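Summary of structural features
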Amino acid sequence: MLVAGTTSDAGKSVVTAGIVRWLARQGMKVAPFKGQNMSLNSFVTREGAEIGRAQAMQARAAGVEPTALMNPVLLKPGGESSSQVVLMGRPVGELSARGYHGGRQEALLGTVLECLAELRATYDAVICEGAGSPAEINLRRTDIVNMGIARAARLPVVVVGDIDRGGVFASFFGTTALLSREDQSLVAGYLVNKFRGDVSLLTPGLDMLKELTGRPTYGVLPWREGLGIDEEDGGLGVRASGSALPPVGDEVLRVAVCALPLMSNFTDVDALAAEPGVRVRFVDRVDEAADADLLVVPGTRGTVRALAWLRERGFAHELARRAAEGRPVLGICGGYQVLGERIEDDVESRAGAVPGLGLLPVRVRFAADKTLARPVGTALGERVEGYEIHHGVASVGGGEPFVTPGPAGGQDPDGCVVGAVRGTHWHGVLENDAFRRAYLTRVAREAGRRFVVAPDTEFGVLREAQLDRLADLVEEHADTAALLRLIETGAPPGLPFVPPGAPCQMP
């Protein structure tokens, strides 16, 4: 089954995860799939393949190991009109939007369908996620993620709409009416997401929608605060988050995260926000970080551009001041690179040699080959696992390593620590519970806060509980029997055509 959406951010990833988790709880062997993803939040699988983090989260919901088959094409934006194309987990080049949609995308349909076929042969069910809207008629001819794959693989389609943003009935009707007759024959019905209030007030509209389209609504999922699953989109804006639980000690710990341009893997700080008494906020003005006990510089797909942004916004001065005062700073991946002395980039920005912020004795050279790894080591005396996704190769000329190799060895130390300034290429280190507790204890001491870390926060357990909440929403508020019939037998025959349909030149 394909879960499509009326718009981007309609809730496709969340609904897909909920359906996947619900099926897994019924004892089915299920896998997620997204033929083409555009995201700056990515993950590295056990075999060293880079895929969208949302698909890794959905694989976790299914209780299976994520693989490149689940997201064969990943686009990582690097500017206003170009993206790095990652095919089967490996980067194959940079393409403009015109170049990609002008022929390269359509050529990848065979690869996408082969991956889907392999998953269907292995699993009892595969729940596919669309991208954007299936009614993007300007892109339909080369589509490999919405109706293009639904048509090729004969997938039933459920369209998700976000009622909280308004206009959901028009969105459902218009999405259907802009599809060709052949595409419409696969659109089985709709699913309302993020509803607030009395659902009985919505029923007349759902009845009229069925009269207009001949298609049912398979459920109305209520609004739920704090679902806290991994997000897909690279854009974030300014947000705040934190555990609803009070601090264990006398004071809270305030964390500010620089909202860099082309910010990637901002989910790295989700584990901090899960700790009682830790308040995390993303900031794009230096005054918003003035009272922060820890200032985090996250990953980015535009390291040199982020460096310029930090200088233009005054964060470079703030970071230098904090380093001089012994106040905690953490740089992750691209954020680690900008804290160094020098960056030589002939790959990502092609800016050549650029001076860094000079807070760590590190020089970075961008290599053509991307490092993709799942390393294990030790930090602050605790075992840590992480994942690496970067072109930059760091040469460290002092300080102490952030991570040392684990007992099995087989890797070099990573990162650098000078005073209260720390940097690492490893994503995901803060998800290691024992290390996170040790690190926050160190941060509180360096910041002079009477903050005490909770002894029993288990981030993995919290994440599992959130996935179960998604499955509960599906089980309690969707027609699961009807959804299961769609998965087993496909779209029902004889679904009516909703005029006017797609432009005549469209497939």
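Structure shown above.
None of the values given here were measured: they were computed from a predicted structure.

**Observations concerning the overall build of the protein chain**
On a plain count of helices and strands, the protein chain comes out with 15 helices and 28 strands. In terms of overall size, the protein chain behaves like a compact globule, its C-alpha atoms giving a radius of gyration of 24 Å where 507 residues would be expected to give roughly 23 Å. Considering only C-alpha atoms, the protein chain reaches an extent of 70 × 50 × 45 Å along its principal axes. By residue count, 56% of the 507 residues in the protein chain fall in the buried class.

**Examining the packing of helix α6 (residues 168–177) against helix α8 (residues 203–213)**
Relative orientation of the contacting elements α6 and α8 amounts to 15 degrees, with a least axis distance of 11 Å. When the axis of α6 is compared with that of α8, the two are roughly parallel. Handedness of the crossing formed by α6 with α8: right-handed. On the side of α6, the interface is formed by Phe-169, Phe-172 and Phe-173, while α8 contributes Gly-205, Leu-206, Leu-209, Leu-212 and Thr-213. In terms of residue class, the contact of α6 with α8 is built from six nonpolar, two polar and no charged.

**Focus: the sheet that holds strand β22 (residues 362–373)**
Taken in spatial order, the four strands line up as β21-β20-β22-β25 in an open sheet, and their pairing is mixed. The open sheet terminates on both sides in strands that have one partner only, identified here as β21 (352–355) and β25 (388–396). When the angles between neighbouring strand axes are averaged without regard to direction, this sheet yields 35 degrees. As judged from the three bridges shared by strand β20 (residues 342–345) and β22, these two strands associate in the parallel manner. From the neighbouring strand, Glu-344 faces β22, where its bridge partner is Arg-365.

**Examining the pattern of salt bridges**
Under the criterion given, the structure shown has 37 salt bridges. Of the charged contacts in the structure, one is a salt bridge between Asp-291 and Arg-254, with a shortest N-O distance of 3.8 Å. Here Arg-254 lies in strand β14 (residues 253–258) and Asp-291 lies in the loop between β16 (278–283) and β17 (294–297), a separation of 37 residues in the sequence. We classify Asp-291 as partly exposed; its relative accessible area is 38%. Salt-bridge contacts for Arg-436 lead to Asp-433; the nearest nitrogen and oxygen are separated by 2.8 Å. Here the residue Arg-436 and the residue Asp-433 both occupy positions in helix α13 (residues 433–447), the gap between them amounting to three residues, near one helical turn.

**Thoughts on the state of the cysteines**
Applying the stated criterion across every chain yields a total of zero disulfides. Free of any disulfide, Cys-128 has its nearest cysteine sulfur in Cys-115, 11 Å distant. On the basis of relative accessible area, Cys-128 is assigned to the buried category, the value being 2%. Cys-333 takes part in no disulfide bond, and the closest cysteine sulfur, belonging to Cys-258, lies 15 Å away. For Cys-333, a relative accessible area of 6% translates into the label buried.

**Observations concerning the sheet that holds strand β7 (residues 82–87)**
Spatial ordering of the open sheet is given by β3-β6-β7-β8, a layout of four strands whose pairing is mixed. Two strands close off the open sheet at either side, each with one partner strand: β3 (36–38) and β8 (90–96). Neighbour-to-neighbour, the strand axes of this sheet turn through a mean angle of 25 degrees, independent of strand direction. Where β7 meets β8, six bridges bridge the pair, whose relative direction is antiparallel.

**Let's talk about the environment of Leu-380**
For Leu-380, the location among the structural elements is in the loop between β23 (376–379) and β24 (382–385). For Leu-380, a relative accessible area of 33% gives the class partly exposed. Expressed as a C-alpha distance, the spacing of Leu-380 and Arg-449, which sit 69 residues apart in the sequence, is 19 Å. Among residues more than four places away in sequence, those in contact with Leu-380 are Phe-435, Ala-438, Tyr-439 and Arg-442.

**Digging into helix α1 (residues 12–25)**
Along its 14 residues, α1 runs 20 Å from first to last C-alpha, staying within 8% of the 20 Å computed at 1.5 Å per residue. Within α1, eleven of the 14 residues are buried, leaving the element largely enclosed by the surrounding structure.

**Observations regarding the pairing of strand β1 (residues 2–5)**
Burial along β1 is two-sided: Leu-2 and Ala-4 and Val-3 and Gly-5, pointing in opposite directions, are all buried. Alignment of β1 against strand β10 (residues 157–162), held across four bridges, turns out to be parallel. Each residue of the ladder has a partner; that of Val-3, found in β10, is Val-158.

Definitions and limits used
- Residues numbered from 1 in each chain as written.
- Predicted model: local features only at pLDDT ≥ 70, side-chain atom pairs only at ≥ 80, totals over all residues.
- Heavy atoms only, no water.
- Helix = DSSP H or I, 4+ residues; strand = E, 2+ residues; numbered from the N terminus.
- Rg over C-alpha atoms; globule rule 2.2 N^0.38 Å.
- Buried < 20%, exposed > 50% of the residue type's maximum accessible area, 1.4 Å probe, protein only.
- Axes fitted to C-alpha atoms, helices over the stretch in contact; angles between N-to-C directions.
- Parallel < 35°, antiparallel > 145°, perpendicular 65-115°, else oblique.
- Left-handed = near helix turned anticlockwise from the far one by under 90°.
- Contact = heavy atoms within 4.5 Å.
- Nonpolar A, V, L, I, M, F, W, Y, C, P; charged D, E, K, R; others polar.
- Pairing = 2+ DSSP bridges.
- Salt bridge = Lys/Arg side-chain N within 4 Å of Asp/Glu carboxyl O.
- Disulfide = S-S within 2.5 Å.
- Expected span 1.5 Å × (residues − 1).

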